Amino acid sequence: MKAEIEGLRAQLAMMRDHADDLKAQRDSWQEQAETSQRLLADQRPRRGLFGFLKAG
């Protein structure tokens, strides 16, 4: 019984480590996606009527 409990505890510890790794990967991918979106956003200044007047 003791051996089984120790085995389950070891398995739980491995699963927690794996979950931490997955969270780190998720955060990395999220940061990469946000950076890509910022690069894709139109950075040109907005213009008004036919591009001649600046929009307020």
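To keep things clear, this report deals only with the structure shown in the data block. Bear in mind the structure is a predicted one, so any value in this text is a computation, not a measurement. (Residues numbered from 1 in each chain as written. Predicted model: local features only at pLDDT ≥ 70, side-chain atom pairs only at ≥ 80, totals over all residues. Heavy atoms only, no water.)

Across its full length, the protein chain carries one helix and zero strands. Looking at the protein chain as a whole, 0% of its 56 residues are labelled buried. Split by element, the accessible area of the protein chain, about 5900 Å² in all, is 58% carbon and sulfur. (Helix = DSSP H or I, 4+ residues; strand = E, 2+ residues; numbered from the N terminus. Buried < 20%, exposed > 50% of the residue type's maximum accessible area, 1.4 Å probe, protein only. Areas by Shrake-Rupley, 256 points an atom, 1.4 Å probe, with all protein chains shown as cover.)

Counted under the stated rule, the structure contains two salt bridges. Between Asp-27 and Arg-26 there is a salt bridge; the shortest N-O distance is 3.1 Å. (Salt bridge = Lys/Arg side-chain N within 4 Å of Asp/Glu carboxyl O.)

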